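Each chain is listed here by its residues.
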Amino acid sequence: MSEHPTPDATGDVLLRATGLTRHFQIGGAFSRRTLHAVDEAELTIGHNEIVALAGESGSGKSTVARLLAMVYKPTAGEIWFDGKPLSGRRSRKDQLAYRSQAPMVFQDPFSSINPVYRISHGLLRSLKLHRPELDAAGREAEAERLLTTVGLTPAAAYMQKYPYEMSGGQRQRIGFAQALASNPKLIIADEPVSMLDASIRIGLLNLMTELRDKSNVSFLYITHDLASARYAADRLVVMYAGHIVEQGPIEEILAEPRHPYTQLLLATVPDPRAPLSELAGADRGEPPRVVDPVPGCRFRARCPIAVAECATVTPPLRQLSEGHQVACHRAETVTDSVWTGHTSKELSSNEAHSNEASSSEHSSKESA
Ligand SMILES: Nc1ncnc2c1ncn2[C@@H]1O[C@H](COP(=O)(O)OP(=O)(O)OP(=O)(O)O)[C@@H](O)[C@H]1O
Ligand code: SF4
Ligand SMILES: [Mg+2]
């Protein structure tokens, strides 16, 4: 964890999304409905900052990633990158230029590299596309430098390997090297370590923090794993049913989660994927409605402290303390866990224990 100030406090923002919304039309001609994958998201990513984005399956994390990567067009809202709106990038050339500044790294390291070619092929091709100033010898040297940066040494030997000769962790390092080929300011990483063995994850998290600290790269790091978010990220953004429900400095949120859903996520560590129904007291209500949703808090059917207002008024994201925002009408009253009566510190120590467990599990630092 770095001690970077929040971007809001300094105005030092690399990316800012305002009112970011993405709807999908679903159903046939006579049963057309609107799925609200992301609604009114307010999000910032600072320079040299790792922002973790967490939330249960279907909460809208990958949709946010694709919006930030200009894969999807927003239904509404704007994304500002280095102070300029992405909506102003109308030509294909401008959009490609942005994508090279903010490439994506995907979950599956086995599908993102062409299995037919040696590692050198993809890297040299990316460099030819993104770094036209380099000649053939310059591209070769740069490809080897990138492999060294991502911890694959001796680089010359890795250049000659085929993907099938490498482990999942090594392939994901190649994914990062490919992303770095365009000298990006931001890498959008959608669950980059979730398919890897626990023993290999820590090395890739270390790589992300090294790239932040030494290569000035920021990350949007999507994860279900709050322990890994705590290990690597500076700030945490929590989504539920298309809404950002809480965001702020990660240590502060993990120590004092103020949204009932964030508390639930913490309480489900070490398995935040566990269905809510597995948690005592959390089995109430229907799943959130994101197709033609009605106003009100989308968490209300599951929330043990809901009041009448929660059914009619969508809670806006409000600032509770510097850089810490929560979308809950009752956030000021949420101190102890609304689920177990445990204090936030106890919930957080549950998370810390899981972190310790996973750290000791990982203590033999992987070389993959
Ligand atoms: N292209 C699409 N067309 C229709 N619906 C979509 C599309 N992409 C996403 N959705 C829907 O949007 C919602 C959010 O999906 P998204 O993939 O962003 O969730 P997620 O948080 O990344 O989930 P997971 O953790 O499972 O990856 C889901 O209800 C999903 O079914
Ligand atoms: S706004 Fe209401 S329903 Fe939603 S989390 Fe807060 S108290 Fe619960
Ligand atoms: Mg996803």
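Keep in mind it's a predicted model, so treat the numbers as computed, not measured.

What counts and what doesn't
- Residues numbered from 1 in each chain as written.
- Chains lettered and ligands numbered in written order.
- Predicted model: local features only at pLDDT ≥ 70, side-chain atom pairs only at ≥ 80, totals over all residues.
- Helix = DSSP H or I, 4+ residues; strand = E, 2+ residues; numbered from the N terminus.
- Buried ≥ 20, exposed ≤ 12 C-beta atoms within 10 Å, placed from the backbone.
- Contact = placed C-beta atoms within 7 Å.
- Near = placed C-beta within 6 Å.
- Nonpolar A, V, L, I, M, F, W, Y, C, P; charged D, E, K, R; others polar.
- Pairing = 2+ DSSP bridges.
- pLDDT = per-residue confidence, 0-100.
- Axes fitted to C-alpha atoms, helices over the stretch in contact; angles between N-to-C directions.
- Parallel < 35°, antiparallel > 145°, perpendicular 65-115°, else oblique.
- Left-handed = near helix turned anticlockwise from the far one by under 90°.

Enquirer: When you look at the overall build of the protein chain in this model, what are you seeing that I'm missing?
Expert: Broken down by element type, the protein chain carries 12 helices and 12 strands. Burial analysis of the protein chain (368 residues in total) assigns 45% to the buried set. A separation of at least 24 residues holds for 68% of the contacts in the protein chain among residues at least 6 apart in sequence.

Enquirer: I keep staring at the site of ligand 1 and nothing clicks. Help me out?
Expert: Lining the immediate environment of ligand 1, one finds 13 residues, of which A37, S57, K61, S62 and T63 sit closest. Of all the elements in the fold, those that place two or more residues in the shell around ligand 1 are β1 (13-26), β2 (33-46) and α2 (61-68). For the shell around ligand 1, the element with the most residues is α2, which contributes three residues. In terms of residue class, the shell around ligand 1 is made up of five nonpolar, seven polar and one charged.

Enquirer: Would you mind going over the site of ligand 2 with me for this structure?
Expert: Near ligand 2 you find 13 residues, and of these C297, R300, C303, C310 and C328 are the closest. Each residue belonging to the shell around ligand 2 can be placed in one class, and the counts come to nine nonpolar, two polar and two charged.

Enquirer: What exactly am I supposed to notice about the sheet that holds β2 here?
Expert: Note: strands within a sheet are paired through backbone hydrogen bonds, in either parallel or antiparallel orientation. One open sheet holds the four strands; their spatial order is β2-β1-β4-β5, and the pairing between them is antiparallel. Because the sheet does not close on itself, it has two edges, and the strands there are β2 and β5 (84-85). As paired strands, β1 and β2 are joined by 10 bridges and run antiparallel to one another. Bridge pairing in β2 places H23 opposite H36.

Enquirer: How should I be thinking about the confidence of the model for the protein chain in this particular structure?
Expert: For the protein chain, mean pLDDT is 86; residues scoring 70 or higher make up 84% of the total. Note that residues 1-5 has pLDDT below 50 and, in this model, eight contacts with residues that lie over four places away or in other chains.

Enquirer: Help me understand the packing of helix α7 (residues 168-180) against helix α8 (residues 198-215) in this model?
Expert: Any two packed helices are characterised by the angle at which their axes cross and by the distance between the axes. Between α7 and α8, the shortest axis-to-axis distance is 10 Å and the interhelical angle comes to 15°. Put simply, α7 runs roughly parallel to α8. Between α7 and α8 lies a crossing of right-handed hand. Two secondary-structure elements touch here, α7 through G168, G169, Q172, R173 and F176 and α8 through I200, G203, L204 and L207. Counted by class, the contact of α7 with α8 contains four nonpolar, four polar and one charged residues.

Enquirer: Got a minute to help me understand the pairing of strand β11 (residues 318-321) in this structure?
Expert: It is a general feature of regular strands that their side chains alternate between the two faces of the sheet. Bridge count between β11 and strand β12 (residues 324-326): three bridges; the pairing is antiparallel. Paired with R318 across the strands is V326, a residue of β12. Here β11 folds back onto β12, and the loop between the two strands holds two residues, one of which, G323, carries a positive phi near 75°.

Enquirer: Got a minute to help me understand the packing of helix α4 (residues 119-130) against helix α5 (residues 136-149) in this structure?
Expert: One can describe the packing of α4 onto α5 by two numbers: an axis separation of 9 Å at closest approach and a directional angle of 115°. For the pair α4 and α5, the crossing hand works out as right-handed. In this structure, α4 uses S120, L123, L124, L127 and K128 to contact α5, whose residues at the interface are R139, E142, A143 and L146. Looking at the contact of α4 with α5 residue by residue, the class counts come to five nonpolar, one polar and three charged.

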